[in-house]
Amino acid sequence: MADVPKALDVPVLGVFIVGTLLKLLLLPSYRSTDFEVHRNWLAITASRSPNEWYFDVGSEWTLDYPPFFAWFERLLGLAAAYVDPKMLALTPLNYASPATVVFQRLSVIVSDIVLYCAIVKYCNSWPRVTTTEVAFNTNKRIVVLLLTFLDAGLLMVDHVHFQYNGMLLGLLILSVAYIRDGDDVKGAFVYAVLLMMKHIYLYVALLYFVYLFGHYCYTVPPAKQMRKRSLSNTDVHETLEALVNGQGRFSLRRFATLGAVVLGVFGVAFASVLAGPSPHSLGAHLAQIASRLFPVQRGLCHAYWAPNAWALYAFADKVLATLFRVPSPIGAMSGGLVQEATFVVLPNVAPAVCALLTLLAMAPVLRDVFKYPDPSLFMPALVYCMLCSYLFGYHVHEKAILQATLPLGLLAAESTRDAKLYRLATLVGNISLFPLLFTPAEVGTRALLTAAHALLANVCLEPLHAHSLKMRRIKYTGIGLTRGQQLYLTVLVAVAAVAMALPVVVPRLPFLPLLLLSVSCALGVVYVWIFALCQHVRKLDSLRTYLSGDKAPRPEPPASRFEMF
């Protein structure tokens, strides 16, 4: 069957226009303190020399992103000077003229072009011909674009609450798209740039390392090359089976190339804020930047508990303290403050413990990706690793759930199980973001966006998968959720409704609604994490079957192991 042209057709462009118009409608929405954070960063980067950016303490909203993001703010400042020069002044704080609001809102909308182009690039990395289906087609691209570019969580966090996650996730997706195309060096370069924009993506650095080390840094002699097509790549991948069988040869030149690219990006980034005369020594400057990028004094949990393992841990501590009547400080771990975590019954958790648990959770998937360095495993592994970091990371923000749920939208069109995982994960993730939009005017906005996106996912994915399986003469069983999953979501929606009413009914317990919603969503995130691991195992099993040369597919894993997922 002939390849489908990869031109940017009208429907694909239409998604961008619809998404942009929707974001423009959100311009008057509530904005969080993050708006002033970024406004202050505009002022810092415009008023100070680069080697003083990380030393400014004129506001509590000090610069704590890596150098490239600081330069991004500096570039925005060049345009902001023509809109309202007062927004670039360090004082007064909380400056928010109408022109400033519109400018900053529009800067987020314009920066989403990076996300849009990255999604299109990712879709263009799909195989155009496979043994099972024509995976590259316009309908599939439109579905993925609708789910990701119009992601409800992204709209709530970036275009209401206020942040630049769309641009950053765009860089992540662009990096993965290059890897899927077999262009590992470009993928590593874009990922290094991303790290110098926001260092939270360090959580998947080990995944990048083991994949690139196994896939790019080993070569196979021509006599050992296997003419086998990769499951997820348009190019014929001649080395995978030989690499799996241990027939690859380590290439020092390739390893040095990757190292030079990554270290070169880091060097340029840090040199740009270290160069020039400064009263600070190089060591003092580096220590200052490190203290800003890794503020461990902020504590284990954020002011609003992100729905992860530590929310369940903190909840268990409160339950045990109540049962055993252990005296505890008022508001301990539930005062809505950013502070060191102090537990009453359970042991306190150090940052090193979080890092160790995160690494242990990732280890099985990292091992698999190193042994089977095929692009078909990379994005599912990335989603899983992001979920590990969200569940076990130190001082995780609730907004970080986007780093797992939005990439899941890129996988939702690949199989019915991926679609089910996506539907469940996005609902849990979007509901967990509700406390960010707490003003009366935004209560309707968050509910409408979440419900509309859930409906959109069902309306788009149902016919896509039904048609795809029909064309392959495979029985279609739907993408509906199990009764257990439906029951959990029903209870979660009820908890969200109760949480909305509690501040009126019990005003003296302001943290109770947050606690209920966080713990309820945390249970769902744990389930999604296990579901994502099961999906990785399935994809790995398919890859092994493919490499073994079996013509008949392997039987489904035992029901007791996977059926509930």
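Source: prediction; values computed, not measured. (Residues numbered from 1 in each chain as written. Predicted model: local features only at pLDDT ≥ 70, side-chain atom pairs only at ≥ 80, totals over all residues. Heavy atoms only, no water.)

**Describing the side chain of Asp84**
When you line up the elements, Asp84 lands in the loop between helix 3 (67-83) and helix 4 (98-124). The buried charged residue Asp84 lacks any salt bridge partner; its closest oppositely charged side chain belongs to Lys86, at an N-O distance of 6.0 Å. Each residue touching Asp84, except ones within four places of it in the same chain, is listed here: Tyr95, Ser97, Ala99 and Thr100. (Helix = DSSP H or I, 4+ residues; strand = E, 2+ residues; numbered from the N terminus. Buried < 20%, exposed > 50% of the residue type's maximum accessible area, 1.4 Å probe, protein only. Lys, Arg positive; Asp, Glu negative; His and termini not counted. Salt bridge = Lys/Arg side-chain N within 4 Å of Asp/Glu carboxyl O. Contact = heavy atoms within 4.5 Å.)

**Focus: the side chain of Thr450**
Summarising the element assignment, Thr450 is placed in helix 18 (residues 440-471). Within the structure, the side chain of Thr450 is placed 2.9 Å from the backbone oxygen of Arg446, a separation counted as a polar contact. (Polar contact = N/O pair within 3.5 Å; in protein donor to acceptor, adjacent residues only side chain to side chain.)

**Brief notes about helix 8 (residues 184-195)**
The terminal C-alpha atoms of helix 8, which comprises 12 residues, lie 16 Å apart, in line with the 16 Å expected from a rise of 1.5 Å per residue. Among all positions in helix 8, only Asp184, Gly187, Ala188, Val190, Tyr191, Ala192, Val193, Leu194 and Leu195 are buried. Check the buried side of helix 8 and you find it contacts helix 3, helix 7 (165-180), helix 9 (205-215) and helix 11 (252-274). (Expected span 1.5 Å × (residues − 1).)

**Digging into the state of the cysteines**
Applying the stated criterion across every chain yields a total of 0 disulfides. For the unlinked cysteine Cys385, the closest cysteine sulfur is that of Cys388, found at 5.7 Å. Given the relative accessible area of 0%, Cys385 is considered buried. (Disulfide = S-S within 2.5 Å.)

**Quick notes on the nonpolar core**
Grouped together as the largest cluster of nonpolar side chains are 145 residues, with contacts concentrated most on Phe69, Ile119, Tyr122, Tyr201, Tyr208, Leu382 and Leu461. When residues of this core are assigned to their parent elements, the largest contribution, 13 residues, is made by helix 15 (residues 375-392). Excluding residues that lie within four positions of it along the chain, Ile119 makes contacts with Val144, Leu145, Thr148, Phe149, Ile173 and Leu410. Judged by nonpolar contacts, the second largest core, of 14 residues, contains Cys301, Trp310, Ala311 and Tyr313. (Core = buried A, V, L, I, M, F, W, Y, C linked by side-chain atoms within 4.5 Å.)

**So, the UniProt feature "transmembrane region" (unreviewed entry) in the chain**
Those places that UniProt annotates as "transmembrane region" (unreviewed entry) correspond, in this numbering, to residues 12-30, 162-180, 200-219, 255-275, 345-365, 377-396, 487-506 and 512-534. Counting secondary structure, residues 162-180 comes out at 89% helix and 0% strand; the distance between its end C-alpha atoms is 31 Å. (UniProt positions renumbered as here; feature names shortened; annotations may be inferred.)

**Regarding the packing of helix 13 (residues 309-323) against helix 20 (residues 512-548)**
The axes of two packed helices give the description: the angle between them and the distance between them. Remark: helix 13 packs on helix 20, axes separated minimally by 9 Å, with the N-to-C direction vectors making an angle of 130°. Classed by the angle they form, the pair helix 13 and helix 20 counts as oblique. Seen along the crossing, helix 13 lies across helix 20 with a hand that is left-handed. Contact residues: helix 13 offers Ala311, Leu312, Phe315 and Lys318, while helix 20 offers Leu515, Ser518, Val519, Ala522, Leu523 and Val526. (Axes fitted to C-alpha atoms, helices over the stretch in contact; angles between N-to-C directions. Parallel < 35°, antiparallel > 145°, perpendicular 65-115°, else oblique. Left-handed = near helix turned anticlockwise from the far one by under 90°.)

**Concerning the pattern of salt bridges**
Applying the stated criterion across every chain yields a total of 9 salt bridges. Here Asp368 makes a salt bridge to Arg367, at a shortest N to O gap of 3.3 Å. One salt bridge in this structure joins Lys539 and Glu414, with 3.8 Å as the shortest N-O distance. Placement of Lys539 in helix 20 and of Glu414 in the loop between helix 16 (402-411) and helix 17 (416-432) is noted, with a sequence separation of 125 residues between them.

**Remarks on unusual backbone geometry**
Of note, the amide linkage connecting Thr91 to Pro92 takes the cis form, showing an omega dihedral of 0°. One non-glycine residue with positive phi stands out, namely Asn94, at about 60°. One can find Asn94 in the loop between helix 3 and helix 4. For Asn94, a relative accessible area of 57% translates into the label exposed.

**Section: the packing of helix 2 (residues 33-47) against helix 3**
It is at 8 Å that the axes of helix 2 and helix 3 come closest, and there the two elements cross at 85°. Classified by the angle between their axes, helix 2 and helix 3 sit roughly perpendicular to one another. Two secondary-structure elements touch here, helix 2 through His38, Trp41, Leu42, Thr45 and Ala46 and helix 3 through Phe69, Ala70, Glu73, Arg74, Leu76 and Gly77. Tallied by class, the residues present in the contact of helix 2 with helix 3 amount to 6 nonpolar, 3 polar and 2 charged. (Nonpolar A, V, L, I, M, F, W, Y, C, P; charged D, E, K, R; others polar.)

**Observations concerning a nonpolar patch on the surface**
Taken together, the side chains of Leu13, Ile17, Leu21, Leu24, Val102 and Leu106 define a hydrophobic patch exposed on the protein surface, amounting to about 470 Å² of accessible area. Going through the elements one at a time, helix 1 (10-25) and helix 4 are the ones with two or more residues in the nonpolar patch. Ranked by residues supplied to the nonpolar patch, first place goes to helix 1 with 4 residues. Take Val102: its relative accessible area is 38%, and that puts it in the partly exposed class. (Patch = residues over 30% accessible without salt bridge, like charges linked within 9 Å, V, L, I, M, F, W, Y side chains within 5 Å. Areas by Shrake-Rupley, 256 points an atom, 1.4 Å probe, with all protein chains shown as cover.)

**What about helix 13?**
For helix 13, with 15 residues, the first-to-last C-alpha span of 21 Å sits near the 21 Å given by 1.5 Å per residue. On the buried face of helix 13, the contacting elements are helix 14 (351-371), helix 15 and helix 20. For helix 13, the side-chain oxygen to backbone nitrogen distance between the N-cap and Trp310 is 3.1 Å, and the N-cap itself is Asn308. Arg325 sits one or two positions beyond helix 13 and adopts a positive phi of about 55°.

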